[in-house]
Amino acid sequence: MRKIGLIGGLTWYSTKTYYEHIQRGVQARLGKQASASMVIDSLDSSNLMRLSSAEDWSRAAGELAESAKRLEAAGATAILIGANSMHKVYDDVAAAVSVPILHIAECVAERMVEKGVKRAALLGTRNVMLESFYRQKLIARDIELLPPDMARVETLDRIIYDELMLGKASRQAERELKSMITVLEQDGAEAVVLGCTELEMIVDVDANVLPIFDCTAIHAQRAVEWMLS
């Protein structure tokens, strides 16, 4: 089994989710006695939330690059960045190490192509929904994305930062996401991409009006494939 590295702490709730998905994936392949070979470098998320300025993102790139170096030194043969939004600094982090960093949006795009999805809606934090670093990975695979609605962007950003990243999963937030996905279906979306790790706290990925592509689960599954290949 090849060792995988995870840049975690972004938030610790998402790190826990990654750990569980990866361990269950390994057990599904190798049996209940198996345990994943992995190393986690958990960062302080309080320094990495609501980044806006170029200086903020430059600092974040440096912190994640140093984390990746520590993981590589600890024997990781590939690395995951445990947050969708932090893939904005993917290129800087990838340049800091010699092992591959598995890009979450590329993993999701591959899965969507396999499933024949042509038109989808992307849900996540403000930078994931509005900036090109994430969206272009899907568009490059001929997946059309519905244009972001600013009211929806504001609602999601509030729910993610003010509730989910603090470990809260309210019924009101569940209702808002359910209504949002229903509207997206009416707008012509064939599927929904959960572009935020914590969104699975309030979205039932198995019982919805549209197919749900859970980025965290897909990313973790790709990690398991790497480890066992």
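See the structure shown above.
Residues numbered from 1 in each chain as written. Predicted model: local features only at pLDDT ≥ 70, side-chain atom pairs only at ≥ 80, totals over all residues. Heavy atoms only, no water.

1. A look at the overall build of the chain
Looking only at helices and strands, the chain has nine helices and seven strands in total. Over its C-alpha atoms the chain spans a radius of gyration of 17 Å, differing by no more than 12% from the 17 Å that the globule rule assigns to 229 residues. C-alpha atoms of the chain, sized along the principal axes, occupy 50 × 45 × 35 Å. Put simply, the chain has 229 residues, and 51% of those count as buried. Counting only contacts in the chain whose residues sit at least 6 apart along the sequence, the fraction spanning at least 24 positions is 72%. A total of about 10300 Å² of accessible surface is found on the chain, and carbon and sulfur atoms cover 47% of it. (Helix = DSSP H or I, 4+ residues; strand = E, 2+ residues; numbered from the N terminus. Rg over C-alpha atoms; globule rule 2.2 N^0.38 Å. Buried < 20%, exposed > 50% of the residue type's maximum accessible area, 1.4 Å probe, protein only. Contact = heavy atoms within 4.5 Å. Areas by Shrake-Rupley, 256 points an atom, 1.4 Å probe, with all protein chains shown as cover.)

2. So, the packing of helix α4 (residues 104-115) against helix α9 (residues 215-228)
Geometry of a packed helix pair, given as the angle between the helix axes and the separation of the axes. The geometry of α4 relative to α9 is characterised by a closest axis approach of 9 Å and an angle of 95 degrees between their N-to-C directions. As the angle between them shows, α4 and α9 are arranged roughly perpendicular. Contacts between α4 and α9 involve I104, C107, V108 and R111 from the former and C215, T216, I218, H219, Q221 and R222 from the latter. Tallied by class, the residues present in the contact of α4 with α9 amount to five nonpolar, three polar and two charged. (Axes fitted to C-alpha atoms, helices over the stretch in contact; angles between N-to-C directions. Parallel < 35°, antiparallel > 145°, perpendicular 65-115°, else oblique. Nonpolar A, V, L, I, M, F, W, Y, C, P; charged D, E, K, R; others polar.)

3. Some thoughts on the pattern of salt bridges
Between side chains of opposite charge, a pair can form when the charged atoms approach closely. By the definition in use, this model includes 17 salt bridges. Across the salt bridge formed by K88 and E131, the nearest N and O atoms sit 2.8 Å from each other. Taken together, the residues K88 in the loop between β3 (78-81) and α3 (90-95) and E131 in the loop between α5 (126-130) and α6 (132-139) connect sequence positions 43 residues apart. Salt bridges sharing partners connect three or more residues here, namely R50, D157 and D162. (Salt bridge = Lys/Arg side-chain N within 4 Å of Asp/Glu carboxyl O.)

4. Notes on the side chain of R152
In this structure, R152 sits in helix α7 (residues 150-162). Contacts of R152, omitting those with residues within four sequence positions, involve L123, M180, V183, L184 and D187.

5. What about the pairing of strand β6 (residues 191-195)?
With respect to burial, β6 is a largely interior element, five of its five residues being buried. The two faces of β6 match: A191, V193 and G195 on one face and V192 and L194 on the other face are all buried. The sheet contact formed by strand β4 (residues 119-124) and β6 spans five bridges and is parallel. Across the sheet, L123 pairs through a bridge with L194, a residue of β6. Bridge count between β6 and strand β7 (residues 212-214): three bridges; the pairing is parallel. Its bridge partner being in β7, V193 is matched across the sheet by F213. (Pairing = 2+ DSSP bridges.)

6. What to know about the sheet that holds strand β2 (residues 38-42)
Spatial ordering of the open sheet is given by β2-β1-β3, a layout of three strands whose pairing is parallel. Edge positions in the open sheet fall to β2 and β3, since each of these has one partner strand only. In this sheet, neighbouring strand axes are inclined to one another by 20 degrees on average, regardless of whether the strands run parallel or antiparallel. Looking at chain direction, strand β1 (residues 4-8) and β2 are connected through five bridges and run parallel. The residue bridging G8 from the neighbouring strand is S42, located in β2. Those strands touched by helix α2 (residues 54-73) are β1, β2 and β3, and its axis lies near 150 degrees from that of β1. α9 contacts β1 and β3 of the sheet and is inclined by roughly 175 degrees relative to β3.

As far as function goes, none of this settles anything; it's purely spatial.
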